[in-house]
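For reference, the chains in residue letters:
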Amino acid sequence: MTYLMSVILGFVQGVAEFLPISSSGHLTLFQHFFGMEEPDNLFNVLLHFATLLAVCIYYFRDVVEMVTEFFRGLASLFSRRRQGGDIPEARRLVLLVIVGTLPLFAVLLIKDYVEALGSSPVFVSCALLVTGCILFLSDRMAGGRKSARTATLKDVLLVGVAQGLATVPGLSRSGCTISAGMAVGFERKFAVRYSFLMSLPAVLGATILEVKDVLEVEGGLVQGLLPKYLVGMAVAGIVGYFSIRLVNLLAAKGKFGAFAYYCWAAGIVALILSLMGWTLI
C-alpha cells in the first residue's frame, strides 16, 4: 500500500462514513470498477476508529456528559438514597443509545450472509438507488419536535432497526438512521445528533472485535506500514469531522435529501456498467 492509496482510502472513509452515501457500497464499487485492492483488515479497522474519534471530538461535550451520567446512573442503582426529580438529559440519552443499539445483535446472526451481499456490484447499485429514495422522502417529512427528553424507547428502537437494516452494503447507515429519526418525529438536529452518537458503541464494539481477530489471525502490525496507517487515519478523522458539520448544516436547512440525487446517479451508472460487464480499469 502506498501513501497515496492511504490518503485516498482515508478520504473515502471520512466522507462516506458520515455523508448518507454508504461507505461499504462505495468501497465495493471502487474495488470492482477501478481494480482497487481491498485494504487489509487492520487498516480498515483503524480508519473506522479514526471516524469514531471524529464523532467524539465533534460531540465532545455530549460524550463527556454521557459517560459521566452513565457511571452516576450505575451508582444510583446501588445507592440506598434515590435521587428525586427528572432524570438528567445526558443519562436519558445513554439509555436511548443503548436501546437503539440492541437490534444490531440480531444482525450478528446473519453477519456472514449480509457481508456476502457486498460482493455483488449489481446488488450494491440497487441498494444505492434505495438509499436515494429514503433520502428524498426524508426532506418531505414534517419537522418533528422530539428531543432527548421526549423521545420514547419505541422511537429509538425503530431507529435502531433502521441501523440494523443499514448493515446491508449500499444502504447508508447515517441516511437510514437520520431519516428514521425524522419519521418518528425527531427534531432535525436531534435526529442527526442521535444518529452519530448511536454509532459510537457499534463502531467501538466492532473495532475491539476486529482488532482481536487481526492480532490473533494476522499476527499483529507490520511495522513498516505504521506511518501509512497513521496518514490514512489522520485524513479520515479530519475529513470525517467536516463531513459531520456538513450533514448537520444540510439537515438543519431541510436539504438532507440533496444527497438523493448523487445516490441515484451513482447507482444508475454503476448498475448499467455492472450489467454490461464493464470496468474502468
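Chemist: For the overall build of the protein, give the residues involved together with the corresponding values.
Modeler: What the protein contains, in helices and strands, is 13 helices and zero strands. Along the protein, helices and strands appear, N-terminal first, in the series α-α-α-α-α-α-α-α-α-α-α-α-α. Taken against the 2.2 N^0.38 rule, which gives 19 Å for 281 residues, the C-alpha radius of gyration of the protein at 19 Å falls within 12% of a compact globule. Each principal axis of the C-alpha atoms in the protein carries an extent, and together these give about 65 × 50 × 35 Å. The buried share of the protein, taken over its 281 residues, is 48%. Considering only contacts within the protein whose residues lie at least 6 apart along the sequence, 85% involve residues at least 24 apart. Entry remark: accessible area of the protein is about 14,600 Å², with carbon and sulfur atoms responsible for 69%.

Chemist: Give a detailed account of the nonpolar core, specifying residues and quantitative values.
Modeler: Ranked by internal contacts, the top residues of the largest apolar core, which has 52 residues, are Tyr59, Leu93, Phe186, Tyr194 and Phe196. Per-element accounting of this core gives the leading share, nine residues, to helix α11 (residues 188–217). Aside from chain neighbours lying at most four places away, what touches Phe186 is Gly144, Arg145, Lys146, Ala151, Asp155, Val156, Val159, Gly181, Ala191 and Tyr194. Counting residues in hydrophobic clusters, the runner-up holds nine residues, among them Phe43, Leu46, Ala50 and Ala236.

Chemist: Which residues make up the packing of aromatic side chains, and what values go with them?
Modeler: A complete count under the given rule lists 14 aromatic pairs for this structure. Consider the rings of Phe186 and Tyr194, whose centres lie 6.0 Å apart with planes at 85°: the pair is edge-to-face. Assigned by exposure class, Phe186 and Tyr194 land together as buried. Centroid distance Tyr241 to Phe242: 5.4 Å. Interplanar angle 85°. Geometry classified as edge-to-face. On the accessibility criterion, Tyr241 (27% relative accessible area) is partly exposed. One aromatic cluster is present, built from ring pairs that chain together Phe18, Tyr58, Tyr59, Phe196, Tyr241 and Phe242.

Chemist: Can you explain the packing of helix α5 (residues 89–101) against helix α9 (residues 153–165)? Please cite residues and give values.
Modeler: Running from amino to carboxyl end, α5 crosses α9 at an angle of 45°, the nearest separation of the two axes being 7 Å. Considering the angle they form, α5 stands oblique to α9. The crossing of α5 and α9 is right-handed. Two secondary-structure elements touch here, α5 through Leu95, Leu96, Val99, Gly100 and Thr101 and α9 through Leu153, Val156, Leu157, Gly160 and Gln163.

Chemist: How would you sum up helix α4 (residues 60–77)? Please name residues and give values.
Modeler: Spanning 18 residues, α4 covers 26 Å between terminal C-alpha atoms, matching the ideal 26 Å at 1.5 Å per step. Buried within α4 are the following residues: Asp62, Val63, Met66, Glu69, Gly73 and Ser76. Looking down the long axis of α4, one finds its buried residues gathered within 150° of arc, a one-sided arrangement. Residues of α4 that are exposed and point more than 90 degrees away from the buried face comprise Phe60 and Phe71.

Parameters at a glance
- Residues numbered from 1 in each chain as written.
- Predicted model: local features only at pLDDT ≥ 70, side-chain atom pairs only at ≥ 80, totals over all residues.
- Heavy atoms only, no water.
- Helix = DSSP H or I, 4+ residues; strand = E, 2+ residues; numbered from the N terminus.
- Rg over C-alpha atoms; globule rule 2.2 N^0.38 Å.
- Buried < 20%, exposed > 50% of the residue type's maximum accessible area, 1.4 Å probe, protein only.
- Contact = heavy atoms within 4.5 Å.
- Areas by Shrake-Rupley, 256 points an atom, 1.4 Å probe, with all protein chains shown as cover.
- Core = buried A, V, L, I, M, F, W, Y, C linked by side-chain atoms within 4.5 Å.
- Phe/Tyr/Trp six-rings, centres within 6.5 Å; stacked < 30°, edge-to-face > 60°.
- Axes fitted to C-alpha atoms, helices over the stretch in contact; angles between N-to-C directions.
- Parallel < 35°, antiparallel > 145°, perpendicular 65-115°, else oblique.
- Left-handed = near helix turned anticlockwise from the far one by under 90°.
- Expected span 1.5 Å × (residues − 1).
- Arc of directions from axis to C-beta.

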